[in-house]
Protein chains: 2
Amino acid sequence: MSYYNFVDRPSKQRIQEMADQLHLKVSPDAVHLFLDFQLAYREVEKNYESLVASFDLSESRFIILMFLYYAEDKQLLPSEIAHKLGVTKPTISKLLRGMAQQGLVSSHQSQSDKRVRDVQLTTAGEKLLRTFLPYNYRSSSLLFEDFTAEEKQQFAHLLRKLLKSKDKIQQLEEDYHEHGKN
Amino acid sequence: MSYYNFVDRPSKQRIQEMADQLHLKVSPDAVHLFLDFQLAYREVEKNYESLVASFDLSESRFIILMFLYYAEDKQLLPSEIAHKLGVTKPTISKLLRGMAQQGLVSSHQSQSDKRVRDVQLTTAGEKLLRTFLPYNYRSSSLLFEDFTAEEKQQFAHLLRKLLKSKDKIQQLEEDYHEHGKN
DNA sequence: TTCATTTAGTTAGCCGGCTAACTAAATGAA
DNA sequence: TTCATTTAGTTAGCCGGCTAACTAAATGAA
């Protein structure tokens, strides 16, 4: 069975009804648009992750291979990779252990600092990266194939705008912690 | 420390260089735009999930409360909830067990079909839902606050277009399974 | 009426995230 | 030079996803 994220999506009417019931003066458009955004991402990402998985990779593992490929001596520290990828140390620890088992990276204790392990891209890792990369390029190209140059520009603009607004949600959360709970 | 998803993003130049190296005739724009899309979603979603977590909920738990609220007798079967939410049976099984422990739902074996458990929204569950809902509306409103009506319409249009293109990635994967592996 | 098939749900175990708590090593101020 | 502090990494255990394999009950064709 093929699962579709969030099958039962509320209609604008239902969103409006609920808002009225709660005496909220809001437009249902924004809620609906946020759901559209989430759905679009999740459906696209599901197919993208599935493509990546065909190569025995995950998106994170692929990006780690890219980081190593571009690093000096094709080598980085776990903490550097964690920072670049934007994940915590325990997460990178698990990912690298898995990639080492796959033979995509190798790691050795550093001589200069014995707390540290140098993570090295293996030839197998580089080979897999080169095999997958064309598919990665193609997937993005296909995804935006039907977009005009103007539409692509618009989309980038709207995404930037959205990204800037994310702090407002954080602000809302802080307001709740300060006042809302009482 | 505040983590930022995927800190080290490749520049268009780097994307172009790699494409040249692989002799791929692709524009780096699409790859870059896909990364923008992923980043925007993940950053927004991170803050949204954090807001939801302030109410001892996750997005999935919140949506389940909504389904139950709108259901006849405020009651559904696990399999119905799984279908509406678009997740597998094991996932819903875990979620509902957690929500029952929180006291948000209760469940009882059905008389008519003994394989089945009726999941019921509790008064505590409904109360929490009513507390959180205004924040949910506000978060979406804030997110799109700076969008003009036209921009919202454009965004919805572009997201629909993107959603339609997701099948091309699946097609690419099928092509790989058939031909690419040889 | 029986028995193979279907349906509903759970359990085990994996992945990629997280936090909390830990060990080991390096650092730097007194 | 010492020792508190910082830094690097791991382990345990949680969450929300998944697949595979299972049990129990309902169903429907012979």
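Residues numbered from 1 in each chain as written. Chains lettered and ligands numbered in written order. Predicted model: local features only at pLDDT ≥ 70, side-chain atom pairs only at ≥ 80, totals over all residues. Heavy atoms only, no water.

> Before we move on, could you go through the packing of helix 4 (residues 78-85) of chain B against helix 5 (residues 89-102) of chain B and cite the residues and values that matter?
Residue and element names in this part refer to chain B. Close contact between helix 4 and helix 5 brings their axes to 9 Å; oriented N to C, the two are set at 110 degrees. Classed by the angle they form, the pair helix 4 and helix 5 counts as roughly perpendicular. You can see that helix 4 and helix 5 cross each other, and the crossing is right-handed. Each of P78, I81, A82 and L85 in helix 4 lies in contact with helix 5, whose residues at this interface are I92, L95 and L96. Within the contact of helix 4 with helix 5, the residues separate by chemical class into 7 nonpolar, no polar and no charged. (Axes fitted to C-alpha atoms, helices over the stretch in contact; angles between N-to-C directions. Helix = DSSP H or I, 4+ residues; strand = E, 2+ residues; numbered from the N terminus. Parallel < 35°, antiparallel > 145°, perpendicular 65-115°, else oblique. Left-handed = near helix turned anticlockwise from the far one by under 90°. Contact = heavy atoms within 4.5 Å. Nonpolar A, V, L, I, M, F, W, Y, C, P; charged D, E, K, R; others polar.)

> Please set out the side chain of A:D36 residue by residue, giving values where relevant.
Counting through the fold element by element, A:D36 comes out in helix 2 (residues 28-53). When neighbours within four sequence positions are excluded, A:D36 is seen to be in contact with A:R9, B:A156 and B:L159.

> Describe the UniProt feature "domain: HTH marR-type" (unreviewed entry) in chain A, with residues and values.
The feature "domain: HTH marR-type" (unreviewed entry), as annotated in UniProt, sits at residues 30-164 of chain A in this numbering. Along residues 30-164 of chain A the backbone is 70% helical and 9% strand, and the end-to-end C-alpha distance reaches 16 Å. (UniProt positions renumbered as here; feature names shortened; annotations may be inferred.)

> Could you give an account of the protein's contact with DNA strand D, with specific residues and numbers?
Neighbouring residues of DNA strand D: 22 residues in total, closest A:S79, A:S93, A:R115, B:S60 and B:K94. The sugar-phosphate share of atoms of DNA strand D within 4 Å of the protein amounts to 60%. Here a phosphate oxygen of DNA strand D sits 2.7 Å away from a polar atom, N or O, in the side chain of A:S79. With respect to DNA strand D, the side chain of B:K94 contributes an N or O atom lying 2.7 Å from a base oxygen. Classifying every residue of the surface near DNA strand D by side-chain character gives 6 nonpolar, 7 polar and 9 charged. (Near = heavy atom within 4 Å. Polar contact = N/O pair within 3.5 Å; in protein donor to acceptor, adjacent residues only side chain to side chain.)

> Hey, could you go over the protein's contact with DNA strand C for me, with residue numbers and the actual values?
Close contacts around DNA strand C come from 22 residues, with A:S60, A:K94, B:S79, B:S93 and B:R115 the closest. The sugar-phosphate backbone supplies 58% of the atoms of DNA strand C found within 4 Å of the protein. Here a phosphate oxygen of DNA strand C sits 3.1 Å away from a polar atom, N or O, in the main chain of A:K114. Here a phosphate oxygen of DNA strand C and a side-chain polar atom of B:S79 are 2.7 Å apart. Elements that contribute at least two residues to the surface near DNA strand C include exactly helix 3 (59-70) and helix 5 (89-102) of chain A together with helix 4 and helix 5 of chain B. Across the surface near DNA strand C, the residue classes tally to 6 nonpolar, 7 polar and 9 charged.

> I'd love a proper account of the pattern of salt bridges, names of residues and values included.
On inspection of all chains with the given rule, the structure shows 24 salt bridges over all chains. The partner of A:K166 in a salt bridge is B:E43, with the nearest N and O atoms 3.0 Å apart. Highlighted residues: A:K166 in helix 7 (residues 149-180) and B:E43 in helix 2 (residues 28-53), drawn from two different chains. For A:K166, a relative accessible area of 12% corresponds to the buried category. (Salt bridge = Lys/Arg side-chain N within 4 Å of Asp/Glu carboxyl O. Buried < 20%, exposed > 50% of the residue type's maximum accessible area, 1.4 Å probe, protein only.)

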